[in-house]
Each structure stands twice: as structure tokens, then as C-alpha cells.
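Single-letter residue listing:
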Amino acid sequence: MADLGTSGQPQRPGSAFRVALMLPGSVVTLGLILFALGLLAILAFRFNDGSLFGAGFTLGNFRILASEPLYGLVILRSLTIAGLVTAATVVTAYPVAYYLSFHARSRALILFLVTLPFWTSYLLRVFAWKIVLAYNGVLNSGLIAAGIWSEPSTALLNTPAAVVLTLAHAYAPFAILPILVSLDAIPRSLAEAAADLGATPFTVFRRVILPNSMPGVLAGAVVVFVPTVGDYVTPALVGGPSSTMIGSLIQAQFGKAQDWPFGAALALVVMLVILAVILLVRRADHRFGSRL
Amino acid sequence: MSQKTPRTILSSLLAAALACATALSPVAASAGDKLTYFTWSGYELPEFDATYLKAHADGVDTSTFGDDDDAFTKVKAGFRPDLAHPCYDKVARWSREGLIEPIETSRIKNWDKIFPVFRDLPDLQAGPGKVWMVPWDWGNTSILYRTDLVKDPEASWNLLWDKAYSGRLATIDAVHDTPVVAALLTGVSPFDMTPAQIDIVAAKLREQRPLLSSYTTDMTSVEQALASGQLVAAMTWNASAVALKKQNVPVAFMKPKEGMLTWACGFVLLKGSPHADLAYDFINSRLEASSGQKLIEDYGYGASTTSAFDAVPKATLESLQLPADPNVALKTTIFTGPMKQADDLAKMFEKVKAGG
């Protein structure tokens, strides 16, 4: 983008190509994302007079958000659920990426299998989990057949745990791919050198491989964490009343409750909270991270 | 090798996507001349439109919703179908917002066959010979429970507040259902309440939340959960009772002493619809006896026309617990009319559902 404005520089060959490459991204960023964000920010400071875009200017929406503990509670619940999903996803994705990077012979096949669930709709995958977790579902029937339970449990479906499980499964590839890329980028000679100096395989992993792959782990964690905080389809389908997340509340303001300004304020606050969490994580990584 | 495979897959995927897009584009192009109908899920079935489809072979574009409050917001935000299917309690709101235009009763062939009790509903009137909504269906909301798992319960909505069945109850996620029942149980008028009374209703709803497995409008899931025994009782509409009885699940549709809820819904014509003529054809087709008969026999809902009831055998009506005259039903039930504080109730209900 910077090149567009600097007229003093001589035209380099291929600059038309560069402009063409930049164009779609700029249009999307300016036209769709920034415009929508601006609209959201304006909407958040208006009050609900029954029309979609509200009227006037007020801080009332934020005052309600601050004064009612419910919203903080639901945001905290969403962060907790998303945090658990992120932890579960990264912890299970890492071994897969590690195996792919260091040991796999049929890499293309495994990568293909990893992305295979994406060939079906997300809704179908959620319903598949419903079948597994339901009262007369696969898991309950299996456990009864194995003699572990005598009667089916209602504690599997419509719980926050079901939400975590479903989301963790859905987002697994998003964590595997960035971790794999960062593992691939580590020069193999580093591990050999460490081994030559007498490090055990575990020490090599802890002191060389893991620190060097942290950027991938963090990238994967962010990619999983951010969309799951705002998810509302999954809690609606497999979570009960005790797993209502902030996405459902925002959606309700734009739907049934018909208070777009309040929904916008809620969305804005959630974005700021997510931003704060990410900044904190980056800060912690810089200070305590094991990278050299 | 390892690089080639994903690339080949990608290129074949792209080719497939392109082929799909090309194949679909004529369909998309012709959609402009079709009637768009926005309705409750389950009401879009072509079986209800036999006559219309005979005359207009290219069919109807349908879009469905699970709750007419959501539908209202979607239309307000710019979705423009030709016909929509809200319920009576929302009609005043649709007309007040200028979303719909009056329908001329002279162009509705079977207008006189509609039960007067529905024809004369106050919020329908849009001047001489004009109405805001043409009623098509009515039915009841009550508790559907497993007779083998809940032994002889007291006929009361309180079953959905019974701690003995904690975690095995479900209720409908709509302002015109669950909060109305909470109001009835606390002795508050559901259709006009003071802020203090809203708090009383909220307290009643808060009491129920920990006992519920879910708030939902997905009746298929509720029916499956009742059939499997995961749920022992749930708030449903007639259709679920009919569906489960057909599957020989031991269920009963309760007649609570506080009264079932009765609702009536129908067709509204969206303002400026370019397909008004098609819309009239569609409404006329739905008001034919055969269409209403299907609605009664398949779903157990009442049709709005006397002719549809005449077409259904007496024995069938009895097994469906459907009186041939809606006035009989309305003597013992609560008719869901417009709720003055609908917006405040909606906000309160959302908060309670989230745990506040």
C-alpha cells in the first residue's frame, strides 16, 4: 500500500501487478471490515427507540453492561469455554503436527485425513456429536453394554463439556496446520547438534523443538480462541441453559430482543476483551517465553 | 510427491466448484419470477400447495424460521419475501412498522369459509374489505409428557417446574410461549403487565432454568428426546403429540388447569411485493379444503376453514383431540393475543436464559 503514495520513487516494473494484488484485500478491508466495525461502534452509542439503528447518543448501553453482573458472568463463561477449547485443541494437535513433521512417511495422506472433516458441513459434525452424546446415543449405549453404567446418563449432552468437546474437534485442523508449519521451519541440524552435545530426546524437545515451535502454537491458539469465544451455534445445539455463551446473547439482541444498539455495545465489549486477552498472552510470551 | 497431491486435490475441487456454480446459475436466474414464502419450519411442504403447484410448475422459494420474533427482525432488517407467516399476536406490530400491505378479501375465494372467530380478530382489520393477515392455521401449546415416566401428574403447567424431573424437562424458546405460561402461573396477565409484574414473571422463570435440559424451538430434537426418554416432559405444539403417538411412544398432551395456549397464524403480504398475484394464488390454494385437511391430519393443527374440517372424518378429529369448532377450544384455553410489553419481556427472557 505504501508504494501507491510515494510518487517520488521511479516506477518499478510490475507495480501494476502489485496494485492488482493489493486491490481485493484493500476493498474487503476498507469496504466490509472497517465499515462494518465503524457502524458497530456508532450503533453501540445509540439508544433503542424501536428502529433498527436507534437514535441519539448515549452511554446507557455500556452503563447497563457495567452495572449488571450477568454480562460479565457470560463473558467470563465464554472466555473459560473458549480457553478450555483452545487448550484441548493445542494439546491434541501438537503430537499430530509433531508426528507429521518428523516421522510421517505418508504425509499427504495424513494431512488429507486431518482436513477430511471439513468436507462436511459444520452443522452435520455438531449433529454427529449429538448422536454420540445423546441419552440413547453411541457413548451411553457403549458404556451400558460394557457394564460401566446401568442406565443412560443425561450428563453428556446439553452441558458445557459437550460444547468444549464439539468445538475442540471442529477446530483441530486450525491448530495442527500452523504448528506443523513452525515445526517444519526448524532446521534439523539443531536437534542433531543438541543430541551430539549429549541432550536426551526429551531435553531436545523441551529446549530446542518446543521453544522454536512456540510461534506456531500461539498462532494456532489465537486462531482457535478468537472464533470460539463468539460461537453461538454450538452452545445452542449441544449446550444446555448453563452453557449460554456471549454469542447467543449478542445474537438475541439482533433477533428476538430487537435491541441492535445494545447488541452492538455487547459485541464491541467482547472484541475489546478478546483484544486484551491476546495482548496479555503476547506480553506473557515475550516475558516468560522460552524462546531465545 | 507430498506437494503434488494436495495441489491436485485443490485444482479438482476448484473445477468441481466451478462446475456446480455453472450448473446452478440458471436456477438462480429464474428465482426472480418465483413467489418467496417465509414461514415456520414444517409449513413449507409442497403437500400443502397442490393447486398452486399445478398452476405454477416452477414452485415456491421458501425460507424458514423457528420463531416469528426472529422473522420480524429479519424482515425489518431488509429481507423481502412476498409472503410471510407470523402469528396473530405479531400482526399489529408488522402493520405498525409498515412492513405489510392489506390483503383484499374479495380476492380470497374461500374467505367466507374461515371461522368467524378468526376472521373477526381485531388486529386483522385493515378497513372495509381489507385485512392484514389471512388466517390459515391454529393450534395449541401444552405439555407433552411420557405417560410411563410421569405417573398421573396433576394437570398443571407446574409440571415444567417440578424438581423431581430436574434435567429432563424442556421448554419452547419463544416469548409468546414460556413467559406467557410463567405469567399464568404467577397470576399475572400475560398480555399487559407492569414492570413489577415482569419481575415476578422473571423470578418464576429463574426458578425453572436450572431444571431444564434446554430452551429450544427445534421440535424434532424435542420429539427425539421424548421418544428416547431423555426428556420426560416438554412444552410443545400439537404436531409433536401427533408425531410421537404415530410412533407409538406413550405420550399424552396435557390439558393444564390454567389452560392450554391457543394460537392462530396466517399469511401476510409484504409491502411492495412484485408477486402479489402469485401471492393471492398461493393463499387461495392454501385455503382449499384439501390443503387444510392435510394440515389437520398430518400435524394435528386446526385449519382456519370450516370446509377443511368437514373433509376430515369425525373419528380422526376425536383421536387428534381437535374440536371441529375453535370456539369450543377457546372456551378453555388462553388465546395468544398481542403482548403489550413484548420487547421488555423478550429482553428479560434472554437474560434469564443466560443465567441473570
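Residues numbered from 1 in each chain as written. Chains lettered and ligands numbered in written order. Predicted model: local features only at pLDDT ≥ 70, side-chain atom pairs only at ≥ 80, totals over all residues. Heavy atoms only, no water.

As annotated in an unreviewed UniProt entry, chain B is Spermidine/putrescine transport system substrate-binding protein from Ancylobacter amanitiformis. What UniProt records for chain B under Subcellular location (unreviewed entry) is the sentence "Periplasm". (UniProt positions renumbered as here; feature names shortened; annotations may be inferred.)

Per an unreviewed UniProt entry, chain A goes by the name Spermidine/putrescine transport system permease protein and belongs to Ancylobacter amanitiformis.

A. View of the side chain of Thr141 of chain B. All names here are of chain B. Along the polypeptide, Thr141 turns up in strand E7 (residues 134–146). Exposure remark for Thr141: the relative accessible area of 0% places this residue in the buried category. A polar contact of 3.3 Å, which involves the side chain of Thr141, links it to the side chain of Trp237. There is a polar contact of 3.1 Å between the side chain of Thr141 and the side chain of Trp263. (Helix = DSSP H or I, 4+ residues; strand = E, 2+ residues; numbered from the N terminus. Buried < 20%, exposed > 50% of the residue type's maximum accessible area, 1.4 Å probe, protein only. Polar contact = N/O pair within 3.5 Å; in protein donor to acceptor, adjacent residues only side chain to side chain.)

B. Spotlight on the interface of chain B and chain A. Counting residues at the interface gives 32 residues for chain B and 32 residues for chain A. The tally of links between chain B and chain A comes to 5 salt bridges. Summed over the shared surface of chain B and chain A, the number is 13 residue pairs in polar contact (both at pLDDT 80 or more). For the side of chain B that touches chain A, the elements supplying multiple residues, two or more each, are helix H1 (4–30), helix H3 (68–76), strand E9 (212–216), helix H8 (219–228) and helix H15 (342–354) of chain B. Its residues assigned to classes, the side of chain B that touches chain A shows 7 nonpolar, 11 polar and 14 charged. (Contact = heavy atoms within 4.5 Å. Salt bridge = Lys/Arg side-chain N within 4 Å of Asp/Glu carboxyl O. Nonpolar A, V, L, I, M, F, W, Y, C, P; charged D, E, K, R; others polar.)

C. Summary view of the confidence of the model for chain B. When pLDDT is averaged across chain B, the result is 89; 91% of the residues are at 70 or more. Note that pLDDT drops below 50 for residues 1–30 of chain B; the model gives that stretch 4 contacts with residues more than four away or on any other chain. (pLDDT = per-residue confidence, 0-100.)

D. Seen up close, the nonpolar core. Residue and element names in this part refer to chain B. By size, the foremost hydrophobic cluster in this structure holds 105 residues, and its most contacted members are Leu83, Val134 and Ile296. Looking at this core element by element, the count peaks at 8 residues for strand E12 (residues 261–270). For this core, the two domains that each supply at least three residues are domain 1 (34–138 + 262–322) and domain 2 (139–261 + 337–354). With sequence-adjacent residues up to four places away left out, Ile296 is seen in contact with Tyr301, Gly302, Ala303, Ala308, Phe309, Val312, Leu317, Leu320 and Leu322. (Core = buried A, V, L, I, M, F, W, Y, C linked by side-chain atoms within 4.5 Å. Domains from an automatic or database assignment.)

E. Region of interest: the state of the cysteines. All names here are of chain B. Per the counting criterion, the structure on display carries 1 disulfide over all chains. Paired through a disulfide, Cys87 and Cys265 show a sulfur-sulfur distance of 1.9 Å. Here the disulfide of Cys87 and Cys265 is right-handed, its torsion about the S-S bond being about 70°. Taken together, the residues Cys87 in the loop between strand E3 (83–84) and helix H4 (88–96) and Cys265 in strand E12 connect sequence positions 178 residues apart. With respect to class, Cys87 is no different from Cys265; both count as buried. (Disulfide = S-S within 2.5 Å.)

F. Representation of a nonpolar patch on the surface in the model. All names here are of chain A. Nonpolar side chains collect at one region of the surface, where Val28, Leu30, Leu32, Ile33, Leu34, Leu37 and Met271 lie side by side and expose about 620 Å² of accessible area between them. Of all the elements, helix H2 (residues 15–44) adds the most residues to the nonpolar patch, at 6 residues. Mapped onto the fold, Leu32 is located in helix H2. (Patch = residues over 30% accessible without salt bridge, like charges linked within 9 Å, V, L, I, M, F, W, Y side chains within 5 Å. Areas by Shrake-Rupley, 256 points an atom, 1.4 Å probe, with all protein chains shown as cover.)

G. Region of the structure containing helix H10 (residues 276–286) of chain B. Counted residue by residue, H10 of chain B has 8 buried out of 11 residues, so it is predominantly covered. Taken residue by residue, H10 of chain B has Leu278, Ala279, Tyr280, Phe282, Ile283, Asn284, Ser285 and Arg286 of chain B as its buried positions.

H. Structural context of the packing of aromatic side chains. All names here are of chain B. The tally for this structure, following the rule as stated, stands at 34 aromatic pairs over all chains. Aromatic side chains Tyr43 and Tyr301 sit 6.0 Å apart centroid to centroid with 20° between the ring planes, which places their arrangement in the stacked category. Taken as a pair, Tyr43 in the loop between strand E1 (35–40) and helix H2 (50–55) and Tyr301 in the loop between helix H11 (289–299) and strand E13 (302–303) lie far apart in primary sequence, 258 residues in all. Among the residues examined, Tyr43 registers a relative accessible area of 6% and is labelled buried. When the centroid spacing of 5.8 Å and the interplanar angle of 35° are considered together, the rings of Trp136 and Phe267 count as tilted. Separated by 131 residues along the polypeptide, Trp136 in strand E7 and Phe267 in strand E12 bring together distant segments of the chain. The buried category is assigned to Trp136, whose relative accessible area is 1%. The exposure class of Phe267 is buried, given its relative accessible area of 0%. A network of ring pairs unites the aromatic residues Tyr37, Tyr43, Phe48, Tyr52, Trp136, Trp263, Phe267, Phe282, Tyr299 and Tyr301 as a single cluster. Here Lys74 stacks its cationic end above the ring of Phe79, 4.8 Å away from the centre of that ring. Positioned over the ring face of Tyr280 is Arg107, at 3.9 Å from the centre of the ring. (Phe/Tyr/Trp six-rings, centres within 6.5 Å; stacked < 30°, edge-to-face > 60°. Lys NZ or Arg CZ within 6 Å of the ring centre and 35° of its normal.)

I. Expanded view of the packing of helix H7 (residues 195–208) of chain B against H15 of chain B. Residues and elements named next belong to chain B. Here H7 crosses H15 at 30°, and the two axes come no closer than 10 Å. Relative to H15, the element H7 is oriented roughly parallel. When you trace H7 past H15, the crossing you get is right-handed. Facing Ile198, Val201, Ala202, Leu205 and Arg206 of H7, the residues of H15 in contact are Asp344, Leu345, Met348, Phe349 and Val352. For the contact of H7 with H15, the residue count by class is 8 nonpolar, no polar and 2 charged. (Axes fitted to C-alpha atoms, helices over the stretch in contact; angles between N-to-C directions. Parallel < 35°, antiparallel > 145°, perpendicular 65-115°, else oblique. Left-handed = near helix turned anticlockwise from the far one by under 90°.)

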